[in-house]
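What the coordinates show
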Amino acid sequence: MSTERLRQITDAVREHGRSSVTELAQLTGASEMTIRRDLEALAAHGVLERYRGGARSLLLRGEEPPFALRAQEGLETKQRIAAEAAALIADGESVVLDSGTTCLEVARLLVNRRLTVMPLSLQAANALADAPQLTLLLPGGQPRRGELSLTGPLTEASLAALRFDTAIVGCCGLTAEDGLTAYDLADAAVKRAAITSSRRIIAVAEGAKLSRTALAHVTPASGLDAVVTDDNAPTEATEALRAAGVTVRKA
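In this report, the structure presented in the accompanying data block is examined. (Residues numbered from 1 in each chain as written. Predicted model: local features only at pLDDT ≥ 70, side-chain atom pairs only at ≥ 80, totals over all residues. Heavy atoms only, no water.)

**Quick look at helix H2 (residues 21–28)**
Among the residues of H2, those classed as buried are Val-21, Leu-24, Ala-25 and Thr-28. Seen along its axis, H2 keeps its buried residues to an arc of 105 degrees; they face one direction. Close packing links the buried residues of H2 with helix H1 (3–16), strand S1 (18–20), helix H3 (32–44) and strand S3 (54–57). One or two positions beyond H2, positive phi appears at Gly-29, with a value near 80 degrees. (Buried < 20%, exposed > 50% of the residue type's maximum accessible area, 1.4 Å probe, protein only. Helix = DSSP H or I, 4+ residues; strand = E, 2+ residues; numbered from the N terminus. Arc of directions from axis to C-beta. Contact = heavy atoms within 4.5 Å.)

**So, the pairing of strand S11 (residues 179–182)**
As paired strands, strand S10 (residues 173–175) and S11 are joined by 3 bridges and run antiparallel to one another. Within S11, the residue paired with Gly-173 across the bridge is Thr-181. From the end of S10 to the start of S11, which pair antiparallel, there are 3 residues. Summarising the sheet, S11 and strand S13 (residues 216–219) pair through 3 bridges and their orientation is antiparallel. The residue of S13 that forms the bridge with Leu-180 is Thr-219. (Pairing = 2+ DSSP bridges.)

**Observations regarding the sheet that holds strand S2 (residues 48–51)**
Reading across from one edge, S1-S3-S2 is the order of the 3 strands in this open sheet, with antiparallel pairing throughout. The open sheet terminates on both sides in strands that have one partner only, identified here as S1 and S2. Going from strand to strand, the sheet's axes swing by 20 degrees on average, the running direction of each strand aside. Sheet analysis places S2 next to S3, joined by 4 bridges and oriented antiparallel. From the neighbouring strand, Leu-48 faces S3, where its bridge partner is Ser-57. Contacting S1, S2 and S3, H1 runs over the sheet at an angle of about 120 degrees to S1. (Axes fitted to C-alpha atoms, helices over the stretch in contact; angles between N-to-C directions.)

**Examining the packing of H1 against H2**
Direction vectors running N to C along H1 and H2 enclose 130 degrees, while the axes themselves pass 10 Å from each other. In this view, H1 runs oblique relative to H2, as classed from their interaxial angle. H1 and H2 meet at a crossing whose hand is right-handed. Only Leu-24, Leu-27 and Thr-28 of H2 make contact with H1, whose side of the interface consists of Arg-5, Gln-8, Ile-9, Ala-12 and Val-13. Along the lines of polarity and charge, the residues of the contact of H1 with H2 split into 5 nonpolar, 2 polar and 1 charged. (Parallel < 35°, antiparallel > 145°, perpendicular 65-115°, else oblique. Left-handed = near helix turned anticlockwise from the far one by under 90°. Nonpolar A, V, L, I, M, F, W, Y, C, P; charged D, E, K, R; others polar.)

Below, the structure is given as structure tokens:
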């Protein structure tokens, strides 16, 4: 199953509100039978609702696509970004690790490191649970359905009680003008708490996110020490971030 095709279908249905199987087959070049299978998979993830001959969107324009869909999209790129970010962390550091698909890839690379890590999602906590040298700290909080990121007053209080060497922060959008942004207000509040409790802030973001702005503001670009992105990041966007005093590294 092609993640690029799933993204095309999701975007088309989201843009138009609904699309027929025939329209989606013409758009993607896939057979109608393949499109029907794709629609069933997307419906299972809550992205859309099937009806005979097509599908209608269940995503609002300001909403983030489901974690399960994002987790497989651009996986190799996320793994390269994660490797670059993990290399910036020295053994012995205390690290707060944000939720999100790229941060989950960072977690998987920290398993054999000598670190103290507080993950802000249950997926990352599970990835680190059996790490032999790592000290794992778990915050309180309420898991967001589907995302399993931890949010709410208990999460924010856990972060406020500690001081970290480094925060690895994901985002939904990042520009020099609007700073780092998120789709979800509760998620944005947790990101701000993680940033406040950390000495060094490293944002991880695929290049496409460097031209996006989401609903909830988290921090100005100047509040970041470094951004790790991929080599498809727009030059204009990365230069604007550097002009704001941010170190930009391309994986």
